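Single-letter residue listing:
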Number of protein chains: 2
Amino acid sequence: MPEMQDDYTPRQRAVLDKALGLLVEGGERALTTAGLARAANCSKESLYKWFGDRDGLLAAMIAHQASKVRARIDGGEKLDHGRFRTHLVDFANDLLQVLGGDVSLALNRLAIGQASREDSRLGALLIERGRHGIDKRAGALLEAGRQRGLIAYGDRDAAYHTFYGLIVRDLHVRMLLGEAGVRQPENYAALAEEAVEQFFVLFGVRKEETTGRDRV
Amino acid sequence: MPEMQDDYTPRQRAVLDKALGLLVEGGERALTTAGLARAANCSKESLYKWFGDRDGLLAAMIAHQASKVRARIDGGEKLDHGRFRTHLVDFANDLLQVLGGDVSLALNRLAIGQASREDSRLGALLIERGRHGIDKRAGALLEAGRQRGLIAYGDRDAAYHTFYGLIVRDLHVRMLLGEAGVRQPENYAALAEEAVEQFFVLFGVRKEETTGRDRV
DNA sequence: CTCGTATCGTACCGTACGGTACGGTTCTGT
DNA sequence: ACAGAACCGTACCGTACGGTACGATACGAG
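Residues numbered from 1 in each chain as written. Chains lettered and ligands numbered in written order. Predicted model: local features only at pLDDT ≥ 70, side-chain atom pairs only at ≥ 80, totals over all residues. Heavy atoms only, no water.

*Asks:* Outline helix H2 (residues 33–40) of chain B, listing residues and values.
*Replies:* Residues and elements named next belong to chain B. Among the residues of H2, those classed as buried are Thr-33, Gly-35, Leu-36, Ala-37 and Ala-40. Lining the buried residues of H2 we find helix H1 (10–30), helix H3 (44–51) and helix H4 (54–68). Note on H2: the residue one or two positions beyond its end, Asn-41, has a positive phi of about 55°. (Buried < 20%, exposed > 50% of the residue type's maximum accessible area, 1.4 Å probe, protein only. Helix = DSSP H or I, 4+ residues; strand = E, 2+ residues; numbered from the N terminus. Contact = heavy atoms within 4.5 Å.)

Written as C-alpha cells, this is what we have:
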C-alpha cells in the first residue's frame, strides 16, 4: 500500500495545487484542461504527459492532497480517563475540521459526481487515501482505551462507526449539498464534546462514582 | 409550502420518470436533452417548453420524485414502550431503505455534483422536498415518546440528529461514493435495531430511576 | 558552443451538448 | 369538417471541452 507520499516533482505539485484551487473555487466544471494550463502557466501537452488523461489528473489530485494531510499518530503516553477523553475530543474536532474543509468537500463532491460511472475509481481512491488514515488513528485510540479499561466494546469497528455517527451525524451530507448555515466551525467544539459524552455513555466503563464530574 | 404534489400532466410525469431512469442508470452524463427526448419519445422542444431549461428539468425531477414518496404519518395509537420502540425501528429501517435507494442516491449525487455552482438550488430543493418530510415524521414520533415519558431530552433537534447519526453513521456518504459492499439491505434491520438500542441508552427513561437528564 | 530534452503557448480537430427552428402529424374543441 | 393547439422528429447552430500536433524557448550535459 502506498506510503502517503506522492512522487511528483515540485512543478507538478504546484500544478496539482492550482488544480485543487480551481476545483474548490468553481467545482468540476471549472476544472478544464485548458483552464488549468492557463492558471498554472503550463501547457496542456505537459498535463497529458504527466497525468495521462483527465481521470489521471483527478486521481493525482486526490493522491497529492492525501499526501499533505499526514495522519498524525497519537503518542503513547500513559492514558488516564481525562487524557483519553481529551484524545477523543481532539479526534472528533479534527474529523469535523477535515470533513468541513474546502478541499475535502470539493474532492468528495467530485468523486460522488463520478460515482455513477462504472469505470471511475475516484470514490475508492478517496476512501483508501483519505479515510483509512483516519480510521487507523481512531482504531488505535479506541483500542488503547479499551486495554486501559476505560471503555468496553465487543466489536471495535462497530464502536468506531457509532462514534463516527455521533460526531458527524448528517452534517457531512448536508455540507456536501451546500446547505446554507451548516458549515459553522465555531460549533465544532461543542459538537465534539457532546459526541464524546454520548460515546462514554454507550461504551464507557463505570468506575463506581469515578466519573469525572466535568462541566458540559 | 408546497403540498408535495407535482402539477404535471401524466405525459410529463412519464417523461420525468424516464429522466430518473436515465439518471439512475448512467448518472448525470447520461441525462442529456437529446437522450431523454429519444428515450421518452418526445421532442426536445417539448422538454424546453415544459421545464424551461436543463436546470428546470432537474428541479422538476426532484419535485416529481418527492411527490411519489409520501411521508406516511404514524397513527396516534396508544404508545407503550414496545410500540414506541417498534416505531423507532421502523423509522430507522425506512430511513436506511430510502437513503440506499437507487433514485435517492442518483438525485443526491446529482445535487452534490451541482453544489459548487453558486446559482444551483438543487441541494436546497432536495432537502426541502425530501428530508423535511422525514424530519417531521421523526420529530412527531420523538415528541410523542417524550410526552408519554418514554424518553427525555432537552433539545428535540439535537436528540433527532443524534438518532439520525446512530442510524446512518457514515453509510450515506460511502454509498454516495459508490464504495463496494456498503449497500446491503439485508443488514438494515440489524443496524436499525442497534441504533434504537443505543438511542434508548442515551435518551431512554428508566422506570425506576429518572436520571439521565442531560442539559445542552 | 551545440545538441537534446523538457516545457510553453497556441492552434487545431472531432465530438457532444444545450438550446432553437421548422415542417409534418395528431389531437381537441366547435 | 375544420381550425388551432400541442406535439413529434429532425435538422441546425454556437460553444466548449478533451485530446493532439507543432513551432518556439529555456536549460543542462558533453
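Moving on, there is more to tell.
*Asks:* Can you tell me about the pattern of salt bridges, naming the residues and giving the values?
*Replies:* Residue and element names in this part refer to chain B. Taken as a whole and judged by the stated rule, the model has 30 salt bridges over all chains. The closest approach of N and O atoms between Asp-55 and Arg-117, which form a salt bridge, is 2.8 Å. With a gap of 62 residues between them, Asp-55 in helix H4 and Arg-117 in the loop between helix H6 (102–114) and helix H7 (122–147) connect regions that are remote in the sequence. Measuring nitrogen to oxygen at the nearest pair gives 3.3 Å for the salt bridge that ties Asp-119 to Arg-117. (Salt bridge = Lys/Arg side-chain N within 4 Å of Asp/Glu carboxyl O.)

*Asks:* So what's going on with the interface of chain A and chain B? Which residues, and what values?
*Replies:* Opposite the 35 residues of chain A that make contact, chain B presents 34 residues. Buried area between chain A and chain B, both sides added, is near 3,200 Å², and the carbon and sulfur share of it is 65%. Contact with chain B buries surface across chain A, with Ile112(A), Arg169(A) and Leu177(A) losing the most and accounting together for 20% of the total. Note that Arg131(A) is salt-bridged to Asp170(B), the shortest N-O span being 2.7 Å. Taken together, the connections running from chain A to chain B amount to eight residue pairs in polar contact (both at pLDDT 80 or more). Secondary structure elements with two or more residues in the side of chain A that touches chain B: helix H1 (10–30), helix H6 (102–114), helix H7 (122–147), helix H8 (156–168), helix H9 (171–176) and helix H10 (188–203) of chain A. Here the element with the most residues in the side of chain A that touches chain B is H8(A); it accounts for six residues. Of the residues assigned to the side of chain A that touches chain B, the class counts are 15 nonpolar, eleven polar and nine charged. (Buried area = accessible area lost by both parts, 1.4 Å probe. Polar contact = N/O pair within 3.5 Å; in protein donor to acceptor, adjacent residues only side chain to side chain. Nonpolar A, V, L, I, M, F, W, Y, C, P; charged D, E, K, R; others polar.)

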